[in-house]
Amino acid sequence: MDNIYLYMIIALAILAIADLVVGVSNDAVNFLNSAIGSKAIPFKTIMIVASLGIAIGAVFSSGMMEVARKGIFNPGEFMFNEIMIIFMAVMITDILLLDFFNSVGMPTSTTVSIVFELLGASVAMALIKIGHDGGDFSDLLNYINTSKASQIIFGILLSVIVAFTIGAIVQWVSRLLLSYKFEQKANWVGALFGGIAITSITYFIFMKGIGGTNYAKQSFDITGGETIQAFLEHKVYLIVGISFAFWSILSYALISFTKTNIYKLTIIVGTFALALAFAGNDLVNFIGPSTGAYQAYQDFINPAINVDGLSAAEFSMKSLSGKAPTPTILLLVAGLVMVLTLWFSTKAKSVVKTSLDLSSQSETKERFQPNFLSRGFVRSAMLMSQMSSYILPESWQKKIDKQFEAPVITVSKDKKIELPAFDLVRAAVNLMVAAVLISIATSYKLPLSTTYVTFMVAMGSSLADRAWGAESAVYRVAGVLNVIGGWFFTAFSAFVAAALVAYLLNLNLPVVFPILLVVAFALLIRSSIAHNKKAKEAKAEDSLEKAESSSIQGVIIESAKNIANVVKRGNKIYTNAINGLAKQDLILLKKNKRQIVKLSSEVDELRDNIFYFIKNLDDSSVGASNFYIHILGYLQDMTQSLEYITKVSHKHVNNNHKKLKFNQIKELKEVDERFEILFNNTKNAFETQSFEEIGLILGRKEEIISLVTNKIQKQVERTRNEESSPKNTTLYFSILLETKDLLNATMNLLEEYYTAHDSSVKPAKISSASVVEEE
């Protein structure tokens, strides 16, 4: 039986590596968000700076491992076998929970997840012990560190409210003083900003990066015999004052003599600082339980500690209450895994993208749908804005608005670049405010989550910087509320899941342990494969592109790609609907339904871009707008017809109605085959831009219409003479009538294209002919 614990130690070591991977994927948003969003420095430089911060922070994280061993529960109240169950339950739950959030691209707090997993697993084991011993529910307080749990809950609420508010205030003041023309300000302005910002970040490095480590408890002569932690706490004003003077003077010298951009330097230092603190303080979230289990196992098999050779169920874990440094080699390995994950994890990029999209200054594809809370919040904000307009003088309002006027950046159409999500001032403010808030919380022993602080500061600064305009506010607020809701869901689900896993392990450890381990790794591998497959599909898929040309000839060429894509995907969707009906294949029809929803949303997105397209047109090419609007209208008609056909086909099979008759399926297949020829010819014409072939396709219009009409007439005769199923009749007529609408929309689009192309080509031929005559 004792061998099972050795296997558990091996499994926990593997789980720790897996947890490092999923944990870094989630927490990368904390320190990469500002640097990536502002595009202040090259991506490789960002990654190198962050990697250095992680590597150094990992080595300094030894002292934080005690949190997992004794921070949430009292280890002396549990036996060795119970402690092992608690740690195993925590690690299995943590991996699955974090991987779920990473897969959907949502940032969550690893601190909260580990704390509530430890709490859930230890509560479950404590209740089992109390029930077995015939104790009372109040005895639970002997097992659990309730003060720590209440501090964490308080920290959640404090993080969300304070970080958002302070981030908004500091960003508003910074923008008011610096505006968007901050690089044109006097050198002393940049030096002062750099002094304040880098001082804040430096103090953060001392307080959070070094002050929380094991080395901070050592005393030196330079600190007057005090420990580093005590020195940092007692000499706050001295450290801040010296740092401010030093960094301000250095910033002024760098700006004046080397022409250094102090805002970029602030972002580099801030990225390093947050990466250092992340590794130094959050590493415990990933390997703390495994390290604690390893140290518990060492104590259990050590004859000097387990003198009487007690069994796992008799050996008390009082030894975990003391201090035990983590081996440096373990920290180095953990740091290496974290750095490799940072470079290669695609899920880390997904989580960062969510945060950047919500804080972007420009238009982005909104991921979240508005809800009544987001609408209420936006209405309240608009009401407050109106009230302030009555209080402030109009001249003041104009001056404030001028400071918040974002520069209009025009990008030539032959250059495809991705603009920054926000500028250097906002990126520096995000890092500075997050550093200050986490430092203050650390000095007051408040367990604020770095994820909560960094994310909410970024959201607050976005609001203050007017990044959430009337067009995007409800979507952005809905996104923030979704993320916050996810945080609270983390706490609840972590507690319940860990408690359940601990209970199952306790039932029969030798049997349940391997089963749960296999299930956990199977789900993890499945999630990774699904995420990679989804990423590859998204990359390879023919997605629709917004028109950017300012002439009708340019729009004709650009729109040809979109039409080819819609026709290609529409052909597949129509065929799958018919095949799904013929085979009663519900899985195929469900997949088909998702495909048409995606295609419809892409066409809707193109229509939403019409405003910007028309604004971009030359005065001599306004006619292109009519052409583009008509093309989008016909594409939308096509997708609506396909959506209806897909919907009724899925509904018919899903409701287990009678299968279509052989003749009906045969006729639908004939129509599908004829449509396939039409769609393939259309796709080839647009892909090769052989627009003359459109005339040949249009010449076959009556032939296809008569085919569909003939099928409708046959069904009318069948209904009168032999058809007995009203549902089948309704479905068949619905598909054929909608097929007719699909055909009309396709032909209208082709006619529009043929006419526009013909008229745009003729003037060119005439002008070239006149040149020949002149010569």
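Just above, that's the structure.
Note that the structure is predicted; figures quoted are calculated from it, not measured. (Residues numbered from 1 in each chain as written. Predicted model: local features only at pLDDT ≥ 70, side-chain atom pairs only at ≥ 80, totals over all residues. Heavy atoms only, no water.)

Colleague: What should I look at first to understand the overall build of the protein in this one?
Modeller: Scanning the protein from terminus to terminus reveals 27 helices and zero strands. Of the contacts made within the protein by residues no fewer than 6 positions apart, 84% connect residues no fewer than 24 positions apart. Total accessible area computed for the protein in this model is approximately 36,500 Å², and 62% of it derives from carbon and sulfur atoms. (Helix = DSSP H or I, 4+ residues; strand = E, 2+ residues; numbered from the N terminus. Contact = heavy atoms within 4.5 Å. Areas by Shrake-Rupley, 256 points an atom, 1.4 Å probe, with all protein chains shown as cover.)

Colleague: What exactly am I supposed to notice about the side chain of Ser251 here?
Modeller: The topology assignment puts Ser251 in helix α10 (residues 236-257). Ignoring sequence-local partners within four residues, the contact set of Ser251 consists of Ala191, Gly194, Gly195, Ile198 and Ile262.

Colleague: I'm lost on the pattern of salt bridges in this one. Help?
Modeller: A side chain with one charge can pair with a side chain of the opposite charge if their charged atoms come near. Counted according to the given criterion, the structure contains seven salt bridges. Residue Glu670 pairs with Lys711 through a salt bridge whose shortest N-O separation is 2.5 Å. Highlighted residues: Glu670 in helix α24 (residues 662-687) and Lys711 in helix α26 (residues 701-721), separated in sequence by 41 residues. Measuring nitrogen to oxygen at the nearest pair gives 3.1 Å for the salt bridge that ties Arg674 to Glu703. Within this pair, whereas Arg674 is found in helix α24, its partner Glu703 is found in helix α26, the two being separated by 29 residues in sequence. On the basis of relative accessible area, Arg674 is assigned to the buried category, the value being 13%. Salt bridges linked by common partners bring Arg569, Lys598 and Glu602 together as one network. (Salt bridge = Lys/Arg side-chain N within 4 Å of Asp/Glu carboxyl O. Buried < 20%, exposed > 50% of the residue type's maximum accessible area, 1.4 Å probe, protein only.)

Colleague: Is there a simple way to think about the nonpolar core in this case?
Modeller: Burial of nonpolar side chains together is a common tendency in soluble globular proteins. Phe80 and Leu505 are the most contacted members of the largest nonpolar core, which has 141 residues in total. When residues of this core are assigned to their parent elements, the largest contribution, 18 residues, is made by helix α11 (residues 262-301). Listed in part, the 57 residues of the second largest apolar core include Leu632, Phe679, Ile704 and Leu749. (Core = buried A, V, L, I, M, F, W, Y, C linked by side-chain atoms within 4.5 Å.)

Scope: geometric values only; no functional claims are made or implied.
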